[in-house]
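Single-letter residue listing:
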Amino acid sequence: MKAVWKMHALGVLCATVVLAAGFLAPAGSAPAETSRRGGILNATFSSDPAHLDPHRGTTAQNFVPLVYNGLVRFKTGTEVRVDEYVIEPDLAERWEQPNPTTYVFRLRRGVRFHNVPPVGGRELTSDDVIWSLERMLAEDPENIKRDLFSVIKSYEAVDKYTVRIILKEPFAPFLDNLATVFASIVPRAEIDYKRVAVGSGPFMLDSFTRGVRYVYKRHPQYYESGRPALDEIVIHILRDFATRAAALRAGRVDVVDLLPFGQAQPIIREGGLQSEKYQGIFSVHARLNVSRPPLDNEKVRQAMSVALNRQAMAIALGGGEGVVNGPVPTGLGKWAVDWRHLPFFQRDVAKAKALLREAGFPNGVTVEAVGGISPDNRRIILEAMKAQMAQVGITLNFRLVDTATVQRVRFQKDFMILADNFTLSSDPDSYLFLEYHSKSSGNVGNYADPEVDRFLEAQRREVDPAKRLALVHQASMLVARRGWILTTGDPIYVSLAHPYVKGFRHSNINQYLPLKNVWVDR
Amino acid sequence: MQQYLLNRVVLGLAALLGLSLLAFGLIRLVPGDYLMAQLAESGNVADLAAARAQLGLDRPFAAQYVTWLAGVLRGDLGISFWSKRPVADDLLAALPVSLQLAVMAMLLSMALALPFGAVGAARRGGAADYAGRLLSFGGLSIPHFWIATLVLLYTSIWFRWVPPLGYISPRASLAQNLEQFVIPAAILGIHLSARSLRLVRSSLLDVLQEDYVRTAWAKGLAGRRVLWGHAFRNALVPILTILGSQFTYLLSGSVIIEDIFSLSGVGRYVVESITHRDYPAVQGAILFTGVVVVAINLVIDLAYAWVDPRIRYR
């Protein structure tokens, strides 16, 4: 990756367009370069996982994609853009869909698990897939991603290398969900999956010290020829940003990813490192609880929406460069509607005041908000909202609390406005159905509208990509009009690496999966 | 002496019992709990009840407390909700880091505070006194985490060097271990020496006014002998007291320095446990810190008699 994408400030209004153009630019790595075997790569992450089980909780998701494979996966590498999410075969070398609710996966032959007890490098078969599906669908309070797969009606091993899965109804995001780390295929064995990670992935988790480092060694029998190139990957737990930056400068780590633009900029200016910008899909926002007056009044919510200067907020979030997000984040590429076409998204002070008057609040309203003290983006958007809404007569008081309190507030729906970000997903269904459908467990703002429900159900059942795209866009317009969740934006993120690191490109879904493509040329 | 020791141990145990109750109760009063943090994403209230039952959190407070305390008496601090590992194992893993940092910082702190404080008291108003007071004011007024950030920033920019990442035990590599600890220990040591230096100086100034010191001077003893042989030992009692409190502070309170230098010590463990509302981990860590405080205070009390033979224990 010799070239460095450099997008200069071309004005706030065209930031999104410029960014899209940037992603369409040729990938940085020279095609003629061939990967070199060997070497150690040092990377960082900000916190430990609670445990290593991919089917329980979510904290293992950044630590085990290198260890496990799925039936399918997202394509990673310098040949794919960050904002495209291409499903490719992984353990299933191919699959058929004889009807909209049936998938038949044909497994690769000769895929070996890591050669460690109790699995001992045996071959992966359909029995392991069945075992993994059982775990993914288990009625366990810790299985918080069960909803991703609850559409599965039945599954069976047709033979040693074939698995059939039947869905309750057509479900467009199914393959995307199967590509997440939560659908990792684990070996059927007497293993405490929380403590031991044994998979068939490109790297074996060799050792780890909590709060310090996780050491991965190359899986010598990995099924992909020539992969991985690296002998070892060490992920250091560095919570402090200044420490990560200093460690990168000093060469203690080779790559640092997911830095907001403002934090990366000074390091880029120092020179000597390669950098790449991209859009994330966190999408910081304010959820309104419509069971709390005056937020039960649609015109009040619309007034709040048009009171916002989302461009300014996105730039503040990014420390200089940011992108405005609609209901579906711009980082999701084609699925996102350009925010300038969304209703009530352009700042209009007069319109906001008029809407408040129409709602019966000519003297303005007072609302209360809560947000987590960490990450800092909650504070940034709440401060901006407070200042911008004050100009139209809305008084916003907010308080910042710790993470556990935020979770309590969300769980008990004990808020008027909650500053938050979305769960990461490559599929728009997660940003729409999960958040807005009246029956969804993720709908914490008490949103209920039969028309919206119909669109949300239709888009997830529609298997024709073009028709589904239209439905997703229509649903986005509709929920923007309702003003239920005031989406703001995301920073432009940057990955930084030393010049000898080759083949790295960030993935929005599996942050460390791209490391399997990396090689070093020191 | 034996009676005194027995009294102190009994009092210490009573304090620890009270502390255990406080630690157990207070963390439960903090809004939000581990399960909500874990299950908020699923939004399933039925799951919440099931998970509570799984962890025994549906039982009455007293029953939970007695079960936990019985475990503690058997040497079992419980299993962390978050990491699913024994709390004792996690604490033992974090302890060497905090212990080494605390010991190195204390040694450095004393290496600065004793000579500067003593010379400052003996030659009040002299150049060494001013240098010591400057060091003291600087150490007290400049936040140590700010210095730590600057040191890390500028060593990385100017020398393309930062200490090795993560804890490396001295058995694995003494050189790398020292390379890792020298800077954080120096920053903490200088910070702590500021307070100690002022205390050494003021204690010595008091003692130097005593009659027996005047007598020593009158006998014609050398200045060094008067200072270190007669005055210094008598000035040590308040210094020992502050040493004890500094050590316990360092053991669990150097969280920011641990974060900046990526050292995973007891302080960081406590903060992370509180963030996750990991009750067993918080209770275990607080109780462990309490045991250390009680033990250190006992040692310091006993050391008073060694420093000043006039002190009698009854």
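What you see is a predicted model, and the numbers here were worked out from it, not measured in a lab. (Residues numbered from 1 in each chain as written. Chains lettered and ligands numbered in written order. Predicted model: local features only at pLDDT ≥ 70, side-chain atom pairs only at ≥ 80, totals over all residues. Heavy atoms only, no water.)

With that out of the way, let us pick up the domain arrangement of chain B. Quite often, the size of an interface is put as the accessible area lost when its parts meet. Residue and element names in this part refer to chain B. Per the domain assignment, the segments making up chain B are domain 1 (2-73) and domain 2 (90-307). On a C-alpha basis, the centroid separation for the pair domain 1 and domain 2 is 32 Å. The interface of domain 1 with domain 2 comprises 19 residues on the first partner and 15 residues on the second. Counting every contact that joins domain 1 to domain 2 gives one salt bridge. Here domain 1 and domain 2 share two residue pairs in polar contact (both at pLDDT 80 or more) between them. (Domains from an automatic or database assignment. Contact = heavy atoms within 4.5 Å. Salt bridge = Lys/Arg side-chain N within 4 Å of Asp/Glu carboxyl O. Polar contact = N/O pair within 3.5 Å; in protein donor to acceptor, adjacent residues only side chain to side chain.)

Contact residues are listed per partner, giving 47 residues for chain B and 39 residues for chain A. Interface area, chain B with chain A, both sides summed: about 3800 Å², of which 58% is carbon and sulfur. Counting across the chain B and chain A interface gives four salt bridges. Two residues, E272 of chain B and R239 of chain A, come together in a salt bridge whose shortest N-O distance is 3.2 Å. Along the contact surface separating chain B from chain A lie 10 residue pairs in polar contact (both at pLDDT 80 or more). Every element with two or more residues in the side of chain B that touches chain A is listed here: α2 (34-39), α3 (45-55), α7 (144-158), α11 (255-260) and α12 (266-275) of chain B. (Buried area = accessible area lost by both parts, 1.4 Å probe. Helix = DSSP H or I, 4+ residues; strand = E, 2+ residues; numbered from the N terminus.)

Moving on, we get to the sheet that holds strand β9 (residues 213-218) of chain A. All names here are of chain A. Spatially, β1-β10-β9-β8 is the arrangement adopted by the four strands of the open sheet, whose pairing is mixed. Where the open sheet ends on each side, the last strands, each with one partner, are β1 (40-45) and β8 (203-209). Pairwise comparison of adjacent strand axes, ignoring direction, gives a mean angle of 20° for this sheet. One ladder, built from six bridges, connects β8 with β9; its direction is antiparallel. Bridge pairing in β9 links M204 to K217. (Pairing = 2+ DSSP bridges. Axes fitted to C-alpha atoms, helices over the stretch in contact; angles between N-to-C directions.)

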